[in-house]
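Inside the fold
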Amino acid sequence: MYRAVNSKRPVNLDLTTIQFPLPALTSITHRITGVILFIGLIFAFWALDTSLSSPEGFAAVKDALAHNFLAKLIAWGLLSALAFHFVAGINHMLMDAGYGVTLEGGVKKAQATVVISAVLVILAGVWVW
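Residues numbered from 1 in each chain as written. Predicted model: local features only at pLDDT ≥ 70, side-chain atom pairs only at ≥ 80, totals over all residues. Heavy atoms only, no water.

1. Notes on the packing of aromatic side chains
Rules: A pair of Phe, Tyr and Trp rings is counted when the ring centres sit within 6.5 Å of each other, with Trp represented by its six-membered ring. The angle between the planes then sorts it: under 30 degrees is stacked, over 60 is edge-to-face, the rest tilted. Going along the chain from the N terminus, every DSSP run of H or I of four or more residues is numbered as a helix, and every run of E of two or more is numbered as a strand. Buried residues are those whose accessible area, probed at 1.4 Å on protein chains only, stays under 20% of the maximum for their type, while exposed residues exceed 50% and partly exposed ones sit between those limits.
The final tally for this structure, using the stated rule, is 1 aromatic pair. Ring centres of Phe 69 and Trp 129 lie 5.4 Å apart, and the angle between their planes is 40 degrees; on these two criteria the pair is classed as tilted. With a gap of 60 residues between them, Phe 69 in helix 3 (residues 69–96) and Trp 129 in the segment after helix 4 (103–128) connect regions that are remote in the sequence. Assessed through its relative accessible area of 55%, Phe 69 is described here as exposed. Relative accessible area serves as the criterion here: at 44%, Trp 129 is assigned to the partly exposed category.

See the structure below:
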(Lines give C-alpha, C1' and ligand atoms only; values in the text may rest on other atoms or scores of the structure.)
Protein backbone atom coordinates (compact mmCIF):
# COMPACT_ATOMS: atom_id res chain seq x y z
CA MET A 1 0.00 0.00 0.00
CA TYR A 2 1.33 3.40 -0.98
CA ARG A 3 0.91 6.39 1.28
CA ALA A 4 0.67 9.92 -0.06
CA VAL A 5 2.62 11.35 2.86
CA ASN A 6 5.85 10.02 4.27
CA SER A 7 4.97 8.65 7.70
CA LYS A 8 8.30 9.89 9.15
CA ARG A 9 7.33 13.52 8.63
CA PRO A 10 6.02 15.32 11.69
CA VAL A 11 2.37 16.26 11.53
CA ASN A 12 1.44 19.53 13.20
CA LEU A 13 -2.12 20.64 12.66
CA ASP A 14 -2.18 23.09 15.59
CA LEU A 15 -1.75 26.48 13.90
CA THR A 16 -1.19 28.21 17.25
CA THR A 17 2.18 26.47 17.64
CA ILE A 18 3.52 27.46 14.21
CA GLN A 19 5.76 30.54 14.08
CA PHE A 20 4.66 32.37 10.94
CA PRO A 21 7.18 34.70 9.27
CA LEU A 22 6.34 38.40 9.11
CA PRO A 23 5.40 38.37 5.39
CA ALA A 24 2.88 35.60 6.09
CA LEU A 25 1.40 37.54 9.01
CA THR A 26 1.03 40.70 6.92
CA SER A 27 -0.63 38.70 4.14
CA ILE A 28 -3.07 37.08 6.58
CA THR A 29 -3.79 40.46 8.18
CA HIS A 30 -4.40 41.91 4.70
CA ARG A 31 -7.15 39.34 4.18
CA ILE A 32 -8.63 39.97 7.64
CA THR A 33 -8.74 43.74 7.08
CA GLY A 34 -10.51 43.12 3.78
CA VAL A 35 -13.25 41.23 5.62
CA ILE A 36 -13.43 43.96 8.28
CA LEU A 37 -13.82 46.60 5.57
CA PHE A 38 -16.54 44.58 3.86
CA ILE A 39 -18.50 44.24 7.09
CA GLY A 40 -17.77 47.87 7.97
CA LEU A 41 -19.58 48.96 4.82
CA ILE A 42 -22.80 48.34 6.75
CA PHE A 43 -21.95 51.13 9.19
CA ALA A 44 -20.52 53.41 6.51
CA PHE A 45 -23.59 53.09 4.28
CA TRP A 46 -25.90 53.61 7.26
CA ALA A 47 -24.05 56.80 8.21
CA LEU A 48 -24.07 58.01 4.61
CA ASP A 49 -27.78 57.24 4.14
CA THR A 50 -28.74 58.87 7.44
CA SER A 51 -26.60 61.95 6.87
CA LEU A 52 -28.03 62.49 3.37
CA SER A 53 -31.65 61.86 4.34
CA SER A 54 -32.27 65.19 6.09
CA PRO A 55 -30.55 67.97 7.99
CA GLU A 56 -31.59 66.25 11.23
CA GLY A 57 -30.00 63.00 10.06
CA PHE A 58 -26.79 64.81 9.21
CA ALA A 59 -26.78 66.41 12.65
CA ALA A 60 -27.38 63.02 14.28
CA VAL A 61 -24.44 61.39 12.47
CA LYS A 62 -22.25 64.42 13.15
CA ASP A 63 -23.18 64.32 16.83
CA ALA A 64 -22.56 60.57 17.05
CA LEU A 65 -19.11 60.90 15.48
CA ALA A 66 -18.29 63.84 17.72
CA HIS A 67 -19.53 62.54 21.09
CA ASN A 68 -20.27 58.80 20.97
CA PHE A 69 -17.33 56.61 22.03
CA LEU A 70 -18.58 53.56 20.11
CA ALA A 71 -19.06 55.54 16.90
CA LYS A 72 -15.55 56.97 17.21
CA LEU A 73 -14.15 53.50 17.88
CA ILE A 74 -15.88 52.06 14.82
CA ALA A 75 -14.71 54.97 12.64
CA TRP A 76 -11.13 54.59 13.90
CA GLY A 77 -11.25 50.82 13.41
CA LEU A 78 -12.47 51.17 9.84
CA LEU A 79 -9.87 53.81 9.04
CA SER A 80 -7.16 51.63 10.59
CA ALA A 81 -8.28 48.60 8.58
CA LEU A 82 -8.37 50.73 5.44
CA ALA A 83 -4.86 52.06 6.08
CA PHE A 84 -3.34 48.62 6.61
CA HIS A 85 -5.28 47.09 3.72
CA PHE A 86 -4.15 49.89 1.39
CA VAL A 87 -0.46 49.63 2.34
CA ALA A 88 -0.47 45.82 2.22
CA GLY A 89 -2.27 45.96 -1.13
CA ILE A 90 0.51 48.13 -2.56
CA ASN A 91 2.97 45.61 -1.13
CA HIS A 92 1.17 42.79 -2.96
CA MET A 93 1.08 44.81 -6.19
CA LEU A 94 4.83 45.42 -5.97
CA MET A 95 5.36 41.70 -5.47
CA ASP A 96 3.14 40.93 -8.48
CA ALA A 97 5.29 43.31 -10.52
CA GLY A 98 8.40 41.35 -9.52
CA TYR A 99 9.84 43.68 -6.85
CA GLY A 100 11.02 42.17 -3.58
CA VAL A 101 10.17 38.57 -4.37
CA THR A 102 13.26 37.26 -2.59
CA LEU A 103 13.12 36.17 1.02
CA GLU A 104 15.03 39.25 2.20
CA GLY A 105 12.93 41.54 0.02
CA GLY A 106 9.72 40.04 1.33
CA VAL A 107 10.77 40.56 4.94
CA LYS A 108 11.84 44.18 4.28
CA LYS A 109 8.57 44.96 2.48
CA ALA A 110 6.59 43.36 5.32
CA GLN A 111 8.51 45.47 7.86
CA ALA A 112 7.83 48.60 5.81
CA THR A 113 4.15 47.64 5.61
CA VAL A 114 3.91 47.33 9.39
CA VAL A 115 5.75 50.60 10.07
CA ILE A 116 3.85 52.67 7.49
CA SER A 117 0.54 51.18 8.61
CA ALA A 118 1.31 51.90 12.26
CA VAL A 119 2.00 55.54 11.43
CA LEU A 120 -1.25 55.78 9.45
CA VAL A 121 -3.22 54.10 12.26
CA ILE A 122 -1.84 56.60 14.78
CA LEU A 123 -2.66 59.50 12.46
CA ALA A 124 -6.19 58.15 11.99
CA GLY A 125 -6.55 57.93 15.79
CA VAL A 126 -5.42 61.53 16.19
CA TRP A 127 -7.87 62.62 13.51
CA VAL A 128 -10.85 60.72 14.96
CA TRP A 129 -10.25 61.37 18.64
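2. What about the packing of helix 2 (residues 55–67) against helix 3?
Condition: Helix axes are fitted to C-alpha atoms over the stretch in contact, other axes to C-alpha atoms as well, and angles between N-to-C directions run from 0 to 180 degrees. Orientation labels follow simple angle bins: below 35 degrees gives roughly parallel, above 145 gives roughly antiparallel, 65 to 115 gives roughly perpendicular, and whatever is left gives oblique. Between two residues, a contact is recorded if the distance between any of their heavy atoms is within 4.5 Å. Residue type decides the class: Asp, Glu, Lys and Arg count as charged, Ala, Val, Leu, Ile, Met, Phe, Trp, Tyr, Cys and Pro as nonpolar, and the leftover types, Gly among them, as polar.
At a closest axis distance of 6 Å, the pairing of helix 2 and helix 3 adopts a crossing angle of 85 degrees. Judged by the angle between their axes, helix 2 and helix 3 are roughly perpendicular. Facing helix 2, whose interface residues are Ala 64, Leu 65, Ala 66 and His 67, helix 3 presents Phe 69, Ala 71, Lys 72 and Ala 75. When grouped by side-chain class, the residues that make up the contact of helix 2 with helix 3 number 6 nonpolar, 1 polar and 1 charged.

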